[in-house]
Amino acid sequence: MYRFFEQLSSRIAAPFIGESSRNSKVWQCRCGQSLFFRNSQCLACSAALGYQPEQSRLSSLQPGPQTDTWLLDADPEAGVFRRCANLDSPAACNWLLPANDHDALCIACSLNHTIPDLSIPENPERWRKVETAKRRLVAQLVSLGLQVIPKTVDEETGLAFDFIGVDLEGKPPTTGHANGLITLDIKEADDAHREQIRVQMHEPYRTLLGHFRHEVGHYYWDRLIANSQWLEPFRGLFGDERASYAESLERHYQQGAPLDWQQQYVSAYATMHPWEDWAETWAHYLHMMDAVDTALGFGMSAREMDFDYQPFPSSTLYDPQHPGGAAFLSFVNAWIELAGMLNELSRSMGQPDFYPFVLPPAVIAKLHFIHLVIQQEGGRADEVLAQ
């Protein structure tokens, strides 16, 4: 019987994610207090805190050599930093940037093309929620070694975000992606509104972070798959993206997903078009990576528990012969058991399932394909797997 973290810690922590989780979710202040990703000030000693995205770490800060500059307690030799200009805005950004950087905003905030109208009373709180989710996304992208380039640096291939509401004619914006610009209806930050839409759309899961992970999947399809050596393999696995998107969209909303969609896809929406299959699967890859990484960071263990889940064999992988296949398969099987445990915890609180999805073998192959694409692009997974 496969034991959850007994296998996870020995086969994933070192060869897959690294001997220590690079994207840890808990750090220590200089006073010993535990610190978390969102914190900008220590609750125990009031020390200023800052997140350094390049090293995926949150550190307490000491005043630097010049006014408004800071040194990291975690690594005083790392250099001199400034805090993001959005620290004191409703965005409440706790990120750092090098003191000699000509920008006032960190890498995450520099992606903003349009922020919501803050004269609308509800929007400052909405913006705070949106930025919290976006920073989590960007931190993960950086930790995976993916390029995060603002459109202000490269208009053609860069990434940007519009957080907007209804236009002058009263028409709400459409959440989506186009040429590197991700648009989000700011009302998605309202829990009641988002839940209403989730029910109307018959979606099992709808969150701000989920939106971002899905839409950024479209962006990285353009960057990593289109016009690359991965395009034909993508078509063989996900389908031909040259099929009319407009016709696929109309068919999906008129007829719904095929009755047997659960055998090939991660969600009903993924059946609409190969681009959506990619984006949905990409989002789930990021969900899984972040959740397992967080579990490792907090030392979660279920070693005394036996699960009845049958582990996926290597034949389910996109490339069963890949030298990193065993580590990836351990990660997937660990995720299945982690999700089962967390679903039971959610049910014990009378809440919906933490992860209301079932992963069929066909989706495991797609997840492995995405992992290999990211691995090749970022190089960081290659380095970890070689250890």
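Look a little higher up for the structure.
Residues numbered from 1 in each chain as written. Predicted model: local features only at pLDDT ≥ 70, side-chain atom pairs only at ≥ 80, totals over all residues. Heavy atoms only, no water.

(A) Up close: the pairing of strand β11 (residues 181–185). Most of β11 sits inside the fold, with four of its five residues counted as buried. The pairing of strand β9 (residues 160–164) with β11 spans five bridges and is parallel. Note on β11: the bridge partner recorded for phenylalanine 161 is isoleucine 182. Here strand β10 (residues 176–178) runs beside β11; their pairing, made up of three bridges, is antiparallel. Counted as the bridge partner of alanine 178 is leucine 181 from β11. Between the antiparallel neighbours β10 and β11 lie two residues, among them asparagine 179 with a positive phi of about 55°. (Buried < 20%, exposed > 50% of the residue type's maximum accessible area, 1.4 Å probe, protein only. Helix = DSSP H or I, 4+ residues; strand = E, 2+ residues; numbered from the N terminus. Pairing = 2+ DSSP bridges.)

(B) The arrangement of helix α6 (residues 245–255) in detail. Of the residues flanking the start of α6, the one acting as N-cap is serine 244, its side-chain oxygen 3.1 Å from the backbone nitrogen of glutamate 247. Positive phi shows up at glycine 256, right after α6, with a value of about 80°. (Polar contact = N/O pair within 3.5 Å; in protein donor to acceptor, adjacent residues only side chain to side chain.)

(C) The arrangement of the pattern of salt bridges in detail. Summed over all chains, the structure comprises 19 salt bridges. Between arginine 206 and glutamate 188 there is a salt bridge whose closest N-O contact spans 2.6 Å. With arginine 206 in the loop between α3 (191–200) and α4 (208–224) and glutamate 188 in the loop between β11 and α3, the pair connects residues that are 18 residues apart, well separated along the chain. Residue glutamate 188 is classed as buried on the basis of its relative accessible area, which comes to 3%. The salt bridge involving aspartate 277 is made with lysine 366; its shortest N-O contact spans 2.7 Å. Taken together, the residues aspartate 277 in helix α7 (residues 274–297) and lysine 366 in helix α9 (residues 361–378) connect sequence positions 89 residues apart. The class of lysine 366 is buried, set by a relative accessible area of 4%. One network of salt bridges, with partners in common, ties together Glu232, Arg235, Asp240, Glu241 and Arg242. (Salt bridge = Lys/Arg side-chain N within 4 Å of Asp/Glu carboxyl O.)

(D) How the structure looks around the packing of α7 against helix α8 (residues 325–348). Running from N to C, α7 and α8 point in directions that differ by 80°, and their axes come no closer than 10 Å. By the criterion of interaxial angle, the relationship of α7 to α8 is roughly perpendicular. Side by side, α7 and α8 meet where Tyr285, Met288, Met289, Ala291, Val292 and Ala295 of the first sit next to Phe328, Phe331, Val332, Trp335 and Leu338 of the second. Split into classes, the residues belonging to the contact of α7 with α8 amount to 11 nonpolar, no polar and no charged. (Axes fitted to C-alpha atoms, helices over the stretch in contact; angles between N-to-C directions. Parallel < 35°, antiparallel > 145°, perpendicular 65-115°, else oblique. Contact = heavy atoms within 4.5 Å. Nonpolar A, V, L, I, M, F, W, Y, C, P; charged D, E, K, R; others polar.)

(E) The arrangement of the packing of aromatic side chains in detail. Tallying each qualifying case throughout the model produces 24 aromatic pairs. On the numbers, 6.2 Å between centres and 70° between planes, the contact of tyrosine 205 with phenylalanine 357 is edge-to-face. Residue tyrosine 205 is found in the loop between α3 and α4, and its partner phenylalanine 357 is found in the loop between α8 and α9; the two are separated by 152 residues along the sequence. By relative accessible area, which is 29% here, tyrosine 205 ends up partly exposed. Phenylalanine 357 sits in the buried class, given a relative accessible area of 16%. On the basis of an interplanar angle of 70° and a centroid distance of 6.0 Å, the ring pair of phenylalanine 234 and tryptophan 278 is categorised as edge-to-face. (Phe/Tyr/Trp six-rings, centres within 6.5 Å; stacked < 30°, edge-to-face > 60°.)

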